[in-house]
2 protein chains.
Amino acid sequence: MTLLGAVYNCRAIWPGHAGHLPLMSNTAERTLDLATLRQPAAGVEGYVKQFLDGRSLPANLDAAIRYSLLGAGKRLRPILVVHACGALGGDVAAALPPAAAIEMIHCFSLVHDDLPAMDDDDLRRGRPTLHRHTNEAMAILAGDAMMGLAFELIATEVADAQLAGRLSAELATATNDMIAGQVYDTLPEFPESTGPADRLETVHRHKTAALIRCSCRMGALCGGADEGQLAAMTRYGESVGLMFQVVDDLLDVTATTEQLGKSAGKDAEQGKLTYPSVHGIEGSREHVERLEAAALEALSGFGDEGEPLRALCEYMSVRTN
Amino acid sequence: MTLLGAVYNCRAIWPGHAGHLPLMSNTAERTLDLATLRQPAAGVEGYVKQFLDGRSLPANLDAAIRYSLLGAGKRLRPILVVHACGALGGDVAAALPPAAAIEMIHCFSLVHDDLPAMDDDDLRRGRPTLHRHTNEAMAILAGDAMMGLAFELIATEVADAQLAGRLSAELATATNDMIAGQVYDTLPEFPESTGPADRLETVHRHKTAALIRCSCRMGALCGGADEGQLAAMTRYGESVGLMFQVVDDLLDVTATTEQLGKSAGKDAEQGKLTYPSVHGIEGSREHVERLEAAALEALSGFGDEGEPLRALCEYMSVRTN
């Protein structure tokens with residue numbers, strides 16, 4: 001994979017983004033553009049298709065899964081898996097099974113989160129949500145199936161049994177943390193003494209950061225990380241994971257539904273705790289800066305092979321959708 | 001574990017059952033009663049509790065999971081895991097992680113199947129279904145969590161990495177087959193040429209038989225089965241799995257809601273294909289006999305250690321709830 005590619009029109013590739021940014025690392029001036037950073041996405045999508053082609057699912061279930069899994073989407077988590085693996089000098093091919101699996105878990109969580117009994121959303125990634133496109137029963141079952149397929153993929157496609165077991169444990173723990181985050185978010189029950197800032201942090205360390213952190217850890221494991229490297233990648237993943245959510249909350253306030261491809265202003269409408277509602281818009285922006293700095297600091301031990309992760313972090317801090 | 005126990009009052013233990021049956025095997029007269037056969041259930045429940053105690057789930061999610069997982073229930077699948085392991089001369093302790101995991105998968109499937117958008121059921125195991133006891137969002141999320149916890153349990157509690165990988169693959173494939181079965185059952189889309197008997201068979205080979213077959217295979221793997229023994233256990237599991245469903249369909253017609261602990265007569269009400277509706281009551285009873293014979297034949301290579309599985313099969317053929 002060529003990491004240093006030509007400069008494309010970023011607006012077309014990561015829609016809504018302001019364009020190519022000149023990036024500075026602690027080691028060199030960056031020329032990584034989004035098209036280059038997003039290169040792994042196509043490979044992961046191809047791999048997912050191939051895996052689904054090899055299963056004989058009921059035709060309507062297969063169609064529902066492909067609708068959710070292969071439509072538009074940033075593919076942030078699989079991209080992180082591949083680049084975290086690359087940061088350790090690992091091969092892209094080794095990272096494909098966990099990259100595909102984490103995208104399946106992410107899509108399952110979106111499909112269930114959009115259900116009428118949950119967030120009751122009509123729009124996702126610029127298209128009708130799955131239960132609007134099909135029906136509620138199919139959305140429940142297709143979500144279930146995506147989770148099951150993720151674990152099947154890890155168990156059957158990773159040849160090294162030790163690695164497969166480790167990845168499966170990582171994926172399962174992160175999935176359960178994410179589900180716990182959904183519970184904290186949708187059905188909050190906190191001790192009375194817990195203040196809003198702590199509640200918010202608890203929700204998003206689980207709901208959003210868990211899968212993003214897991215992506216980085218799984219990629220690092222595929223690249224053969226030692227304990228120190230794994231710990232550094234965990235700090236990076238935790239920081240960009242939380243940063244992703246703060247930016248998401250900011251965009252819910254400042255961007256339009258058209259820009260987002262999902263309903264804007266939903267958080268305030270549903271009276272949810274968000275970073276802007278707890279810390280203000282300016283305070284949230286400062287929080288983004290602090291998290292970005294922490295993420296880049298975590299990568300200080302990685303050389304040029306860590307560049308894609310540094311560049312991704314910087315793009316994520318300024319994204320507009 | 002003592003397999004040859006005293007004769008207890010079976011009606012109290014497997015409620016609704018007519019009592020102790022004298023059983024004949026191909027090797028010896030049987031003295032196995034249901035209390036003895038069900039002995040592993042308590043061990044599996046204790047193991048599940050211990051695993052949940054070791055997690056720090058949100059309190060309301062934890063309560064919802066325990067409500068579903070530790071209430072009444074036959075525990076058929078975990079009991080099959082333990083006895084299949086025992087049939088190979090394996091230790092009960094080795095079978096506990098997959099036994100607990102398959103019960104989690106089974107309970108997750110019940111919770112989601114009961115949802116308003118699915119079978120819309122109010123009663124399960126003699127109590128309100130989880131979405132009636134709590135709410136729909138919690139039922140969706142607790143179901144999701146039980147699936148995730150099942151895979152976490154296999155990945156973290158089975159020390160032998162090769163075995164863990166194999167069990168995880170078995171569990172994931174069976175889970176996906178079961179979900180496909182729910183789709184065939186709830187949202188049927190078959191080629192027009194598929195007759196009702198074939199549709200019915202397709203639904204239940206996936207929906208019901210997959211997890212029961214998987215229970216037997218996972219137990220056999222924990223017991224160190226060779227390929228021939230695994231194939232025999234697969235035939236046994238497939239036969240008792242289908243038999244379980246034929247008996248279930250018969251009970252839906254012939255038993256009361258009180259006996260079943262779930263709504264009787266739902267199948268006919270919802271116009272579902274069932275064995276009695278396709279093959280008649282007498283034809284279905286003959287099918288039970290054929291499947292029972294096939295299950296016992298599959299066990300012909302197992303000696304006295306296969307007795308619990310033989311006895312379970314015979315109890316399952318005459319169960320009344």
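Residues numbered from 1 in each chain as written. Chains lettered and ligands numbered in written order. Predicted model: local features only at pLDDT ≥ 70, side-chain atom pairs only at ≥ 80, totals over all residues. Heavy atoms only, no water.

Q: Just checking my understanding: could you explain the overall build of chain A for this structure?
A: The helix and strand inventory of chain A stands at 16 helices and 4 strands. The buried share among the 321 residues of chain A stands at 60%. Partitioning the contacts of chain A with sequence separation of at least 6, the portion at a separation of at least 24 is 74%. (Helix = DSSP H or I, 4+ residues; strand = E, 2+ residues; numbered from the N terminus. Buried < 20%, exposed > 50% of the residue type's maximum accessible area, 1.4 Å probe, protein only. Contact = heavy atoms within 4.5 Å.)

Q: I tried to follow the interface of chain B and chain A on my own but got confused; where do I start?
A: Interface extent is often summarised as the accessible area lost during association of the parts. Across the boundary between the two partners, chain B contributes 41 residues, which contact 41 residues of chain A. Counting the surface chain B buries against chain A, the share from its top three residues, L141, N176 and L187 of chain B, is 16%. On the surface where chain B and chain A come into contact, there are 2 salt bridges. Note that D177 of chain B and R55 of chain A form a salt bridge whose closest N and O atoms lie 4.0 Å from each other. (Buried area = accessible area lost by both parts, 1.4 Å probe. Salt bridge = Lys/Arg side-chain N within 4 Å of Asp/Glu carboxyl O.)

Q: Before we go on, may I ask you to explain the packing of helix 5 (residues 76-87) of chain B against helix 16 (residues 307-318) of chain B in this structure?
A: For any two helices packed against each other, the geometry is given by the interaxial angle and the distance between the axes. All names here are of chain B. Close contact between helix 5 and helix 16 brings their axes to 9 Å; oriented N to C, the two are set at 150°. If you check the angle between helix 5 and helix 16, you find them roughly antiparallel. Each of L76, I79, L80, H83, A84 and A87 in helix 5 lies in contact with helix 16, whose residues at this interface are P308, L309, L312 and M316. Grouping the amino acids of the contact of helix 5 with helix 16 by side-chain chemistry returns 9 nonpolar, 1 polar and no charged. (Axes fitted to C-alpha atoms, helices over the stretch in contact; angles between N-to-C directions. Parallel < 35°, antiparallel > 145°, perpendicular 65-115°, else oblique. Nonpolar A, V, L, I, M, F, W, Y, C, P; charged D, E, K, R; others polar.)

Q: Teacher, can you tell me more about helix 5 of chain B here?
A: Residues and elements named next belong to chain B. The end-to-end C-alpha distance of helix 5, which contains 12 residues, comes to 16 Å, matching closely the 16 Å that a straight helix rising 1.5 Å per residue would cover. In terms of burial, helix 5 is largely enclosed, as 11 of its 12 residues are buried. For helix 5, the set of buried residues is L76, R77, P78, I79, L80, V81, V82, H83, A84, C85 and A87. Among the structural elements, helix 2 (34-37), helix 3 (39-53), helix 6 (92-113), helix 11 (209-222), helix 12 (227-254) and helix 16 are those in contact with the buried residues of helix 5. Among the residues trailing helix 5, G89 stands out with phi positive, at a value near 85°. (Expected span 1.5 Å × (residues − 1).)

Q: Honestly, the side chain of E152 of chain A in this entry has me stumped. Any pointers?
A: Position of E152 of chain A among the secondary structure elements: in helix 8 (residues 136-157). Of the polar contacts made by the side chain of E152 of chain A, one reaches the side chain of R55 of chain A; its length is 2.6 Å. Aside from chain neighbours lying at most four places away, what touches E152 of chain A is F51 and R55 of chain A together with A172, T173 and N176 of chain B. (Polar contact = N/O pair within 3.5 Å; in protein donor to acceptor, adjacent residues only side chain to side chain.)

Q: Honestly, the pattern of salt bridges in this entry has me stumped. Any pointers?
A: A side chain with one charge may pair with a side chain of the opposite charge, provided their charged atoms come close. Residues and elements named next belong to chain B. The full count for this structure, using the stated rule, is 38 salt bridges over all chains. Linking K272 and D185 is a salt bridge whose minimum nitrogen-to-oxygen distance equals 3.2 Å. Here K272, found in the loop between helix 14 (266-269) and helix 15 (275-298), pairs with D185, found in helix 9 (residues 161-186); they are 87 residues apart in sequence, far enough to count as distant. For K272, a relative accessible area of 17% translates into the label buried.

Q: Got a minute to help me understand the packing of helix 10 (residues 196-207) of chain B against helix 11 of chain B in this structure?
A: Residue and element names in this part refer to chain B. For the pair helix 10 and helix 11, the least separation of the axes is 4 Å and the interaxial angle reads 40°. Comparing the axis directions of helix 10 and helix 11 gives the class oblique. Two secondary-structure elements touch here, helix 10 through H204, R205, H206 and K207 and helix 11 through A209, A210 and R213. Looking at the contact of helix 10 with helix 11 residue by residue, the classes come out as 2 nonpolar, 2 polar and 3 charged.

Q: Please explain the relation of the copies chain B and chain A as it appears in this structure.
A: What connects the two chain copies is a rotation about an axis and a shift along it. For the match of chain B to chain A, the screw axis carries a shift of 0.0 Å, the RMSD comes to 0.0 Å, and the turn is 180°. Read as a symmetry element, the transformation amounts to a two-fold axis. Taken as a fraction of all interface residues of chain B, those also at the interface in chain A reach 100%, which identifies the copy contact as same-surface. (Least-squares fit on C-alpha atoms with pLDDT ≥ 70 in both.)

Q: Help me out: how do you make sense of the packing of aromatic side chains in this one?
A: Evaluated as defined, the whole model comprises 3 aromatic pairs over all chains. Here F151 of chain A and F151 of chain B contribute two aromatic rings whose centre-to-centre distance is 4.6 Å and whose plane-to-plane angle is 0°, an arrangement assigned as stacked. Taken together, the residues F151 of chain A in helix 8 and F151 of chain B in helix 8 (residues 136-157) connect one chain to another. Owing to a relative accessible area of 0%, F151 of chain A belongs among the buried residues under this scheme. Taken together, a centroid distance of 5.3 Å and an interplanar angle of 15° make the contact between Y184 of chain A and F190 of chain A stacked. Judged by its relative accessible area of 17%, F190 of chain A is buried. Between the NZ or CZ atom of R319 of chain B and the centre of the ring of F244 of chain B, over which it lies, the distance is 3.9 Å. (Phe/Tyr/Trp six-rings, centres within 6.5 Å; stacked < 30°, edge-to-face > 60°. Lys NZ or Arg CZ within 6 Å of the ring centre and 35° of its normal.)

On their own, these measurements won't tell you what the molecule is for.
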